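Survey of secondary and tertiary structure
Given next are the chains, with one letter for each unit.
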Amino acid sequence: MKIKKILITGGAGYIGSVLVSDLVQKGYFVTVIDNLKFEKNSLSHLLGFKNFKFIKADVRNKNILINELKGKDLIIPLAALVGAPLCKKFPKIAKEINYNNIKFILSKISNNQKIIYPNTNSGYGIGKKNSYCDEKSTLNPISLYGKTKVQAEKIILNHKNSIVFRLATVFGYSYRMRTDLLVNFLVREAVLKNKLEIFEPNFRRNYIHVKDISNAFLFSIKNFQKMKGNIYNLGLSNANLTKIELAKSIKKIIKNLKINIKKNKSDPDKRDYFVSNKKIERIGFRTKVSLNDGIEELYKVFKINNFNQNKNNY
Ligand SMILES: NC(=O)c1ccc[n+]([C@@H]2O[C@H](COP(=O)([O-])OP(=O)(O)OC[C@H]3O[C@@H](n4cnc5c(N)ncnc54)[C@H](O)[C@@H]3O)[C@@H](O)[C@H]2O)c1
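Presented here is an overview of the structure given in this document. (Residues numbered from 1 in each chain as written. Predicted model: local features only at pLDDT ≥ 70, side-chain atom pairs only at ≥ 80, totals over all residues. Heavy atoms only, no water.)

1. Some details on helix α2 (residues 62–69)
Counted only if it meets this: Working definition: with a 1.4 Å probe on protein chains only, accessible area under 20% of the residue-type maximum means buried, over 50% means exposed, and in between means partly exposed. The helix count covers DSSP runs of H or I at least four residues long, the strand count covers runs of E at least two residues long, and both are numbered beginning at the N terminus. An arc is given here, and it is the one of the directions from the helix axis to the C-beta atoms. Residue contacts follow a heavy-atom distance rule, with two residues in contact if any of their heavy atoms lie within 4.5 Å.
Within α2 the residues assigned to the buried category are L65, E68 and L69. One side of α2 holds all its buried residues, which, seen down the axis, span an arc of 100 degrees. Each element contacted by the buried residues of α2 is listed here: β1 (5–9), β2 (29–34), β3 (52–56), β4 (74–77) and α4 (91–108).

2. With respect to unusual backbone geometry
Here the phi dihedral of N194 falls at roughly 60 degrees; this positive angle occurs in a residue that is not glycine. Mapped onto the fold, N194 is located in the loop between α6 (182–193) and β9 (195–199). Phi is positive for E200, which is not a glycine, with a value near 45 degrees. Position of E200 relative to the elements: it lies in the loop between β9 and β10 (204–209). Of the residues examined, E200 reaches a relative accessible area of 22% and is grouped as partly exposed.

3. Structural notes on the packing of aromatic side chains
The test is simple: Between the rings of Phe, Tyr and Trp (Trp by its six-membered ring), a pair exists once the centres lie within 6.5 Å; its type follows the angle of the planes, with under 30 degrees stacked, over 60 edge-to-face, and the other angles tilted. By definition, being over a ring means that NZ of Lys or CZ of Arg is both within 6 Å of the ring centre and within 35 degrees of the ring normal.
Scanning the entire structure with this criterion turns up five aromatic pairs. Relative to F274, the ring of Y132 has its centre 5.6 Å away and its plane inclined at 40 degrees; by these criteria the two rings are tilted. Of this pair, Y132 sits in strand β6 (residues 132–133) while F274 sits in strand β14 (residues 274–275), placing them 142 residues apart in sequence. Taking the relative accessible area as the measure of exposure, Y132 reaches 48% and is therefore partly exposed. Across the ring face of F38, the terminal group of R176 is positioned such that the distance to the ring centre comes to 4.1 Å.

4. Brief notes about a positive patch on the surface
To keep it simple, the criterion reads: Without a salt bridge and with relative accessible area above 30%, a residue can belong to a patch; like charges are then joined within 9 Å and nonpolar side chains (Val, Leu, Ile, Met, Phe, Trp, Tyr) within 5 Å. A 1.4 Å probe and the Shrake-Rupley method give the accessible areas. Residues count as covered only by the protein chains that appear here. By salt bridge we mean one thing: a side-chain nitrogen of Lys or Arg within 4 Å of a carboxyl oxygen of Asp or Glu. Within this scheme the basic residues Lys and Arg register as positive and the acidic residues Asp and Glu register as negative, but His and the chain ends are omitted. Throughout, a charge is located at the NZ atom of Lys, the CZ atom of Arg, the CG atom of Asp or the CD atom of Glu.
A cluster of like positive charges, contributed by K2, K4, K5, K26, K222 and K288, occupies part of the molecular surface. Looking at the secondary structure, you find K288 in the loop between α10 (278–282) and α11 (291–304). Given the relative accessible area of 69%, K288 is considered exposed.

5. A look at helix α9 (residues 243–253)
Within the span of α9, buried status applies to K243, I244, L246, A247, S249 and I250. Looking at the buried side of α9, the elements it contacts are α6, β9, β10, β12 (240–242), β13 (258–262) and α11.

6. Observations concerning the nonpolar core
Note the cut-off: As used here, the term nonpolar core means buried Ala, Val, Leu, Ile, Met, Phe, Trp, Tyr and Cys residues forming a set that is joined through side-chain atoms within 4.5 Å.
Counting 67 residues, the largest nonpolar core has I8, F165, I250 and L291 as the members making the most contacts within it. In this structure, L291 is in contact with F171, V183, Y207, L236, A239, L241, L246 and S249, ignoring residues within four places of it in sequence. By size, the runner-up hydrophobic cluster in this structure holds 28 residues, among which are L7, V59, Y99 and I105.

7. Points about the packing of α9 against α11
For any two helices packed against each other, one specifies the inter-axial angle together with the distance between the axes. The following threshold applies: In this analysis an axis means a line fitted to C-alpha atoms, helices contributing only their contacting stretch, and an angle means the value between N-to-C directions, from 0 to 180 degrees. Orientation categories follow fixed angle ranges, with anything under 35 degrees roughly parallel, anything over 145 roughly antiparallel, 65 to 115 roughly perpendicular, and all other angles oblique. Left-handed is the label given to a crossing in which the near helix is rotated counterclockwise from the far helix by less than a right angle, and right-handed is the label when the rotation is clockwise.
At a closest axis distance of 10 Å, the pairing of α9 and α11 adopts a crossing angle of 60 degrees. Here α9 lies oblique to α11, going by the angle between them. Crossing handedness for the pair α9 and α11: right-handed. Residue-level contacts link L246, S249, I250, K252 and I253 of α9 to L291, N292, I295, E296 and Y299 of α11.

Below is the structure:
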C-alpha cells in the first residue's frame, strides 16, 4: 500500500522541521505532534498548507496519541530528549519519552502500519583502528541517551514493518537550529572567536547534512518494501574525519582561523570510530550535501545570527 498519511512526533525539531517541510511540499498528508520545547516557529511556514496538521501537545498524552495514530500509514517518532547532557539532567523524562513512548506507540499500531526510526550511531563507542563499523558491529552505548535509543531500536525491530537509521553527527541549518552538534558548534565558535580549541584531536567521527537525513527518509518511504526489517547507517562516506581534520576543513573556509590543541582536557563523548555507509548506498541512496558545502552554509548562517538565545530550556 502506498504511503500517504504520516504522523511525526517531535516534527518541530532540528531534523523534523526540515523533513516535515520536504514531505508537505511533496504532497504527503503530515500530522505533527510536538510540545514546542525549543523553537516555536520552526513549522509556521507550513501552517497554510491543507495537507499539514499541527498539534501542540506532549507525546506522553495517550489520548491524543491514540487518536492520531489511527489511519496513519507511517509513523516517524522523532520526539526525544536528545543528547547525553539533557538526558543526564532529566533521566526520568528521558526514559519516558525515548523508550516508554516508543513502546506505547508499538502497542497501539497494527502490523500494517509502518515505522521509520532514527537511532544515533554514537553507540558504536570506540571502534578499532583502521576498520569501519557497519550495521553488524555491536552497539555499546555509555550514556543514558544512547541506552534509551538502543533499547527503543530493539523493540522497533520487532515490528516487521520498520526501518531503523543509525545517524552520523548531523550538521547544517534547520528551522530549529541546534548549536550543540559538533560541526555546527565548531563553525559557530570559529565565527564568534576566530579560534578553535580542540581536545582529543584524533577522535574520529562520521557526519551528515540535515537535508540528506530528510532525503534518506524520503528515499526509504519510496523503497519501503525493499528496505523494511533492516538497519542502515547514514552518513557521508567521504566525511569520516578526526576532530582535527574537521577543524582544518573549517580553516579552509575561515582562512585566518587559529587552531589550538588542548592536551589536558578529555572529551566526555568517548566516540572514536569510522562508519561504513555502504549498505544504504548499495540500494541506490546518494547523499547530496558535502561537508565543505555545509561548513560554508553554516559560516554564512552564523555571520547573520549567532543563535545566542538557543538554550536547552527543558
Ligand atoms: N541530530 C542528530 O545528530 C541525531 C542523531 C541521531 C539520532 N537523532 C534522533 O533524531 C530525533 C530528532 O532529533 P533532533 O536533532 O531533531 O532533536 P530536537 O531536540 O531538535 O527535536 C526533538 C523534538 O521533539 C520535541 N519533543 C521533545 N519532547 C517532547 C514531548 N514530550 N512531547 C512532544 N514533543 C516533544 C521537541 O520539542 C523537539 O521539537 C531524535 O529521536 C534523536 O534521538 C538525532
